[in-house]
Each structure stands twice: as structure tokens, then as C-alpha cells.
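In case you want the letters, here they are:
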Amino acid sequence: MQQALTLSERLIAVLGARLGLRFFRRRDMLETLDAPAHGHEAPPGLVDAARDAGPDLLARLSTTRDGLSDDEAATVRARVGANEVEHEKPLPWWRHLFNCYRNPFNLLLSALAAVSYATDDTEGTIIIASMVIISTVLRFVQEARSNKAAEKLKAMVSTTATVLRREVLGNGGAEADNVRRLGRMGREMPLAELVPGDIVLLAAGDMIPADVRILAAKDLFISQSALTGEALPVEKFAHACESGGNNPLAYDNLAFMGTNVVSGSATAVVVATGARTFFGSLAQRVTALQPTVTSFQQGVNRVSWVLIRFMLVMTPIVLLINGFTKHDWLEASLFALSVAVGLTPEMLPMIVTATLAKGAVVLSRKKVIVKRLDAIQNFGAMDVLCTDKTGTLTQDKICLERHTDVWGHASEDVLEYAYLNSFYQTGLKNLLDVAVLDHAELHQRLDVVNRYRKIDEIPFDFQRRRMSVVVSEDGTHHELICKGAVEEVMAVCERVQHGANVEPLTPDVLARLRRVTADLNAEGLRVVAVATRHLPPVRDNYSIADESELILVGYIAFLDPPKESTAPALKALAASGVDVKVLTGDNDLVTAKVCREVGLKVDGCVLGDDIETMSDAELAQTVERANVFAKLTPAHKERLVRMLRANGHVVGFMGDGINDAPALRAADIGISVDTAVDIAKEAADLILLEKSLMVLEQGVIEGRRTFANMLKYIKMTASSNFGNVFSVLIASAFLPFLPMLPLQLLTQNLLYDLSQTTIPFDNVDDEQLTRPQRWNPADLSRFMVFFGPISSIFDVLTFLAMWHLFGANSAEHQTLFQSGWFVEGLLSQTLIVHLIRTRRVPFVQSRAAWPLLLMTGAVMLIGLMLPMSPFADTFKMQALPLAYFPMLAAILLAYAVLTQMMKGMFARRFGWQ
């Protein structure tokens, strides 16, 4: 019996979905963690690696602390394979073709074709089969193109790892002992190229690229929630572990593929890659993954069922009316079957696939990479965008503007302390560190390197919001240098440096210091505090507890000028109905000044400390009122996003840091940039190749254009189908013969379907792009009932004209009647494509794209010529009298005018989507 999935297995399935992996569902793929993969000898097991001493493990993996050479890594890779979890391989073409056929609409048509065949209706069978074939083949071609495009787009966004590789030189065929090591080289490499024995460097924000054993760590905390469900990060150490049993998760010196570094830094050796990882082994045991149904898929399903239920109700009614009035139940059954075919939106899967695929390709040209096609619809539906300040509103080119003492006077000593801190820290170097390192003069850099040596460091985390390094100048003492957010650094200071004097940090002095930093913030400068502490040189390991009793020495102040494109982008987003809210960890004064400079009116600024004290009900009101939130933690950002969603908004979140990952996952659509940390890129649905609100605004518009074209098909199909059935019911009740033969009705439906195949490439009116768009099945039903009967009015006029003016009023003349309604029905249906695709006056104020114009024109021409062609007898039609055509033109013109008037009424009362 198949075993139930464990918690870890269910969570690994979620993680796999986040990483874009679709796993094999084959029980025969199950392997134990240490079993050989690809038919090769397995590397040491995870438990053995956790228990081994570092040197012993390196020896067993045939590696060193300096890593492998490229040649050695290539040899290992040839033996164990690439670092990739076994995922679902591309389907063979015949399986893909079958999957394209296997949707409810095609299966329903196939059943109707079988009934048609069983009743010896050969022509009807051929036409229904043609509709299935066209729908299936078009979807197959579009999905094949979409898959190829998606692979190309995903290749543009890659996750890498920092790997140490030894660079060696030899003299051709020299012996191995003549090869000398030139040095350690940290190199960014694709995850797939890692092999057991590689040495990797880990820092905050990194994804763990494989299963690794920690060799050296400093305050290393790793989030394993995707594997274990634990909410809090787990601290990892470098020592060998003897206890822990056979469960790899019980060892605190192992880190696993797919988890991520929250804070700290480490050096680790790769122990297992690909299918041999803990992630890979669990993935192979997940046998029944149920994909999450997105809001987009739910919308498509709801709309589909509206149309299917309508068909299931109307078809029996048509059957009964024609059966009882014509007394030919076989003919009535075939006619009802044809009506059922006409009510089936068989092109919907193809239209959706083609529209999304086209949207993804167009977005890629606008520097937006779509990782998940369904995200395009959410992009168009987004009405609230939450974004960080740095790099989005500003230029992301931070420069060190000032380095001052505690009273705001220039100080070179503060610059030197800041430089030492930024130079020697090995964690996540942010833009502030880069600005400090770039600001110092070359001679200062060389002086620092020559005078000081690093002892230890205490990495940054988002709880402390500070980091420290410990250095020694002459060996007589150690000096701890701490820099970070002003409030957090001041909280661990007891004294302040004032010139050559050191004074106690009294409440009065603290108030004066806050005024100094507030003045700097008011100038738009981001202020970072710098503090020091002298310690005896008695130990080499330091911890967070040592960040106490510090002396505040001064500040470094940074300027990040606003982007010139930000103000017009904010105006464009506002015009598009997207409300922008700024969520930042930065100071509220700096944030408010930047917002004013870019033209974003600050309607309320809420601090993270205020959010901590708010209930959900209070926060629900606050997120609607305020648009700037400052000094936030990652948990604050996530809570704000979830609260906006709970209020009914479709929320986008744009972020690129490790502190943004929770909010990216919580949002309807996560947006990151190609330069973001690994965990942010993995959590995002869309990747921007340029961190700009202008690029984002262009993407929003394209998302709405994609959704609008999908909605066009659905509205056209629903209203046209409803009108046709209404006309059929009227004609069936009063005519002594069928208003149209089953073969003619099927042919008309096939031609109408062909006219709609180019809708994904249609133009969209500007006013349809100015506000968010969402699925609304209730609106669809209203639209169908409102516009469907309009066509029936003119169908009835055609019936009366054919009956009274052209004498088609008996069974002997039914061919003329049927030919006349066939042409009028097809042309009015095709005309509705142009009438409903726009709120404006078609052909005059709004013109369809040329592919749609050509296709609808060709279908209308075929419809006009068919009764007069050599195939007329085949379709049981006859040539129409010349007088019919002026009448046809008058009816179509009146239909267009009335529909245009009704569009205005509908739009004024219900709006136009």
C-alpha cells in the first residue's frame, strides 16, 4: 500500500514548486540517500559526513580546503552527474499532443462526434472531428512555442554559488608533484556545475546549493522551514557531531539543498549533489503531487463551467421542442447535437495558452522575465504595489557623502573605522559597504591592509541591524568595530567620543545626538552609526554578547539620489489604477524626503514599532490609509502584504533582499530583479532585468493587454452562443422544418472558430489598460444575457424576410431559408468579433490588428460564397437571390448600430472590462 506523505515530504513538494521543479511520480525511482546514482559509486553519506572530522572528510572526498581544480571537478561531474534534482523531462511529442487533446471541451466534442458517427451523419462527424483537430493542433503548436520561449527566458535568470577552485599550472605532461597552487579563487558558478568535494562560501541571502558539511561558520543561521516546517532559523556549527542517529536533519553541522542562509557566513564542502541530496531523496518519494490551483486557473474554470452548464440546460430543450414539433426525433437529435457543439468553447484552452505565451515573449522584450505564465494575469489585476525605496525610487548608486564625529563634524578617524569594518566583513556586502570601500583613497586602503589584521567578525542580521569586526593593529589589544542602524548601535553604547575625550552617554547627550542624526536625515542622508570597543587580546572568537559597552565615535552618511524616471513612473502607475506603497527598513525621515522629491505624496508614515502594537483590525485600516511604512523588519513587510490581500487587493511586492523573501512569497505576484539575492529570485514570479518602476509599469500594461484579449474571446463566445440558441428556440417552435441543418450549423461554428484564432494578437484600447482587470463570472453572465438576445432580434427579422419576402415558407423551400440564415448568422457572428472587442466605434475609433482583420474577412467571404460555390450541394444549400444582399447589408448595419448603442448603456450601468 502506498504510504502517506510525511510532513517533510509535503513541505519538500512545496519547495520544489517554488524552485520550479516537477517531480517524477514513479515509485521505481525511489532510492536511499546513499544509494549510487547514475550507476556510479556514491560519495560519503550525510550522516558519515556529519560525524567525520574535517580533514578526514576532505580526504574521503579527495579535496582540500582550497577546493578542487577545474579538471578535478570535471572528472567528478562525469562520474556523478550534474547537480540537478531529477525532474519531469520534456514529454515526447505524442504525449504532449495527447495532453493538448485531453480537455473537457475536446472530450465532449469527441463524444458528440461518436454519436454523430453512430447515426450515419458522416459530414457532421468530419466537421466535429475537424474542430477537435484544429483546437488540439493549434494548442500543441502554441504550447510548444511557449515552452521553448519559457526555457530561453529562464536561462536569462540563473542562481549561482560562490565556489573555491584551485588554479594550477603545469609544464604539459608534468608529474602531479610539480603542480603548484596559485591561490584560492572565489568564483560564481551555476548550481548545476557543483560536484562533491567543491568548497563553497556562504553568506546571508544565499541558497544552499547542495547538501554540505560546514567547515567554518560564524553566527550561521539557516532557514530550514521548507524541509522541517520550523518557523525559526537553525544555527549551524563547524564541529563534528557524534550524536544524531540516522536522521541527517538532527545534525547541526549539515546544511541542505534548497534551504537558505538567514544570517552569518560559512565555508562548507559539498557532500552530495542532485538526486543524492536530502531534497532529492525526498522528492523521489513524493508520488501524488497536486498542483495548487491559482486564482487565474479558478477564474478560467468558473467561466468554463458557466458555459458548460448553459449548454447542458439548453440542448435538451432544443431536442424536445424540435422532436415534438417536427416529429423526427433522429433529425431533432442531430440538430440538438449540433447546437451542443456550437455552445462548446473548444478554442478556450488554445486562446488562453496562446495569449499567455505571447504575453511572456512581449514582456521579455520589455525586460521582464516571466517565471510562471499564470502570473501575467495577476500582473494585470494588480491594484497595489508594495516596493522598497533603495534602487526603486532612488538610483541605487549610493555614495558616501559625509563621515562625521558624533556632533556632525568631519572626521577621518570615523572613515577609517568604517573602512575596516566594510573591508574585513565576509557576509552580505550591501551597497553601503561598497560605497565606503570606493570612497577611501588608495593610500588609505593600503595603509589599512598593512597595519591591521582581522581576528574575527560578528555578522549582520535583521534583528540586531548591525555587524562588527574585530581587528588587531599591534597585538597589544583587539578592537571591535561596530556599524549599523543608529538606534540599534546607540542601544549598545555607554559612552561617546568627543575629540580626544570620552564622555558618558547621558540622556541629555543622547537627545543631542538624535538631533544631529535627525538633521542629517532631513537632508535626505541615510545615517549609519560607528562605534568601537577595546578588548584584551586573550581570545580569537567573539559573539553578539561582545557588542556591549561600546563607544560611539561618529556617523557615516550616504546619499542615494532619486531616479529621474521615478516621478513619471509613479504618475503612470497612478493613472493605471495601481496604488504604490513604500515598505522600507530605512529611516522614516529619509524615506519621507525621497518620497517628496519623486512626487509621491506621503499620506501617512507608519513605523515598524507601531505595527508591533497594532491588532489585525487596526492594521487593516492603517494599510488603507497610509502609503509609507519605515523601519520595518521582514516580518512586518510580510504582515502588511497579507493584510492588504485580506482587504481584497491584488498585491504585488517588489524586493531584492533576503529581508524581502517572506513578503515576496506572501504577495499575489512577487517581483524581483536579476541582481537580487538568490532567495529573493527563487521566491519571485517575475524577474526584472532593470530595477525600475517604469519597466514595471510597462509590464503591468502588457499583463492587462493579455488578460483583455482572453476576455474578448470569452465574451464573444458567450454572447454569440446565447443569441444563437435563443434564435434556434424561436425558429424551432414556429417553423415546420429545421431552421438550419446539423451539417450547416456545424460548418458555421467551425468557420466562426477559425475567425477567432487570431484574437491573442489583437490590439487593445487604451482605456481597457487604465485599471486592473479581474475575472468576474457574474459579469460574464450579465454580459451574455444583455448582448445575446440582440442578435436574435435580427435573426428573427431574417426569418420573417426569408418566409414572407423570398417565399421560403414550406419544406420544399427550406434549403433557401437555411442558406439565408446560414449566411446572416455567420456574418453577424463574425461582425460581433469587431463590435465586442472594443467599447469604441469599431473600424473608425478602434481598429483590430491586421491578423484578426484578415481572418474575419476571409471567413465572411467564405460564408458569402459557399451557397453559390460548387460545394453548395454538399452542404445542402442553394444560391441566394440578388435582393437578399441589400437586405443582408441593412440587417448587419442595423445590428451594428443597435449593438453600439447597447454597449454604451451597458458600460454606463455596469462598466466595460
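Above this text sits the structure in question.
Residues numbered from 1 in each chain as written. Predicted model: local features only at pLDDT ≥ 70, side-chain atom pairs only at ≥ 80, totals over all residues. Heavy atoms only, no water.

### Focus on the overall build of the chain
When helices and strands are tallied, the chain shows 31 helices and 24 strands. Taken across its 913 residues, the chain has 57% of its residues classed as buried. As displayed, the chain offers around 38,200 Å² of accessible surface, 57% of which is attributable to carbon and sulfur atoms. (Helix = DSSP H or I, 4+ residues; strand = E, 2+ residues; numbered from the N terminus. Buried < 20%, exposed > 50% of the residue type's maximum accessible area, 1.4 Å probe, protein only. Areas by Shrake-Rupley, 256 points an atom, 1.4 Å probe, with all protein chains shown as cover.)

### What to know about the sheet that holds strand β23 (residues 669-673)
Hydrogen bonds along the backbone pair up the strands of a sheet, which may run parallel or antiparallel. Within the open sheet, the eight strands sit side by side as β9-β24-β23-β22-β10-β19-β21-β20. Their pairing is mixed. The sheet is open, and its two edges are formed by β9 (368-370) and β20 (605-607), each paired on a single side. Direction aside, the axes of adjacent strands within the sheet are offset by 20 degrees on average. Direction of pairing for β9 relative to strand β24 (residues 686-688): antiparallel, over a ladder of three bridges. (Pairing = 2+ DSSP bridges. Axes fitted to C-alpha atoms, helices over the stretch in contact; angles between N-to-C directions.)

### Some thoughts on the nonpolar core
Counting 155 residues, the largest nonpolar core has Phe 379, Leu 385, Phe 629, Ile 671 and Leu 693 as the members making the most contacts within it. It is helix α26 (residues 693-734) that provides the largest number of residues to this core, a total of 16 residues. When neighbours within four sequence positions are excluded, Phe 629 is seen to be in contact with Lys 581, Val 582, Leu 583, Thr 584, Val 606, Ile 611, Thr 622, Val 623 and Leu 640. Counting 28 residues, the second-largest nonpolar core is a separate cluster that includes Ile 455, Leu 505, Val 516 and Leu 520. (Core = buried A, V, L, I, M, F, W, Y, C linked by side-chain atoms within 4.5 Å. Contact = heavy atoms within 4.5 Å.)

### Some thoughts on helix α12 (residues 348-365)
Helix length check: α12, at 18 residues, gives a terminal C-alpha distance of 26 Å against a target of 26 Å (1.5 Å per residue), a fit within 8%. Taking burial as the measure, the 18 residues of α12 include 15 buried ones, the bulk of the element. Lys 367 lies just past α12 and shows a positive phi near 70 degrees. (Expected span 1.5 Å × (residues − 1).)

### Digging into the packing of helix α29 (residues 814-836) against helix α30 (residues 850-865)
Between α29 and α30, the least distance of the axes is 9 Å, while the angle of their chain directions is 170 degrees. One finds that α29 runs roughly antiparallel with respect to α30. Of the residues in α30, those in contact with Phe 822, Val 823, Leu 826, Leu 827, Thr 830, Val 833 and His 834 of α29 are Leu 852, Leu 853, Thr 856, Val 859, Met 860, Gly 863 and Leu 864. Looking at the contact of α29 with α30 residue by residue, the classes come out as ten nonpolar, four polar and no charged. (Parallel < 35°, antiparallel > 145°, perpendicular 65-115°, else oblique. Nonpolar A, V, L, I, M, F, W, Y, C, P; charged D, E, K, R; others polar.)

### Some words on the side chain of Thr 532
Its place among the elements puts Thr 532 in strand β17 (residues 526-535). When its relative accessible area of 3% is taken as the criterion, Thr 532 is described as buried.

Purely geometric numbers; function is a separate question.
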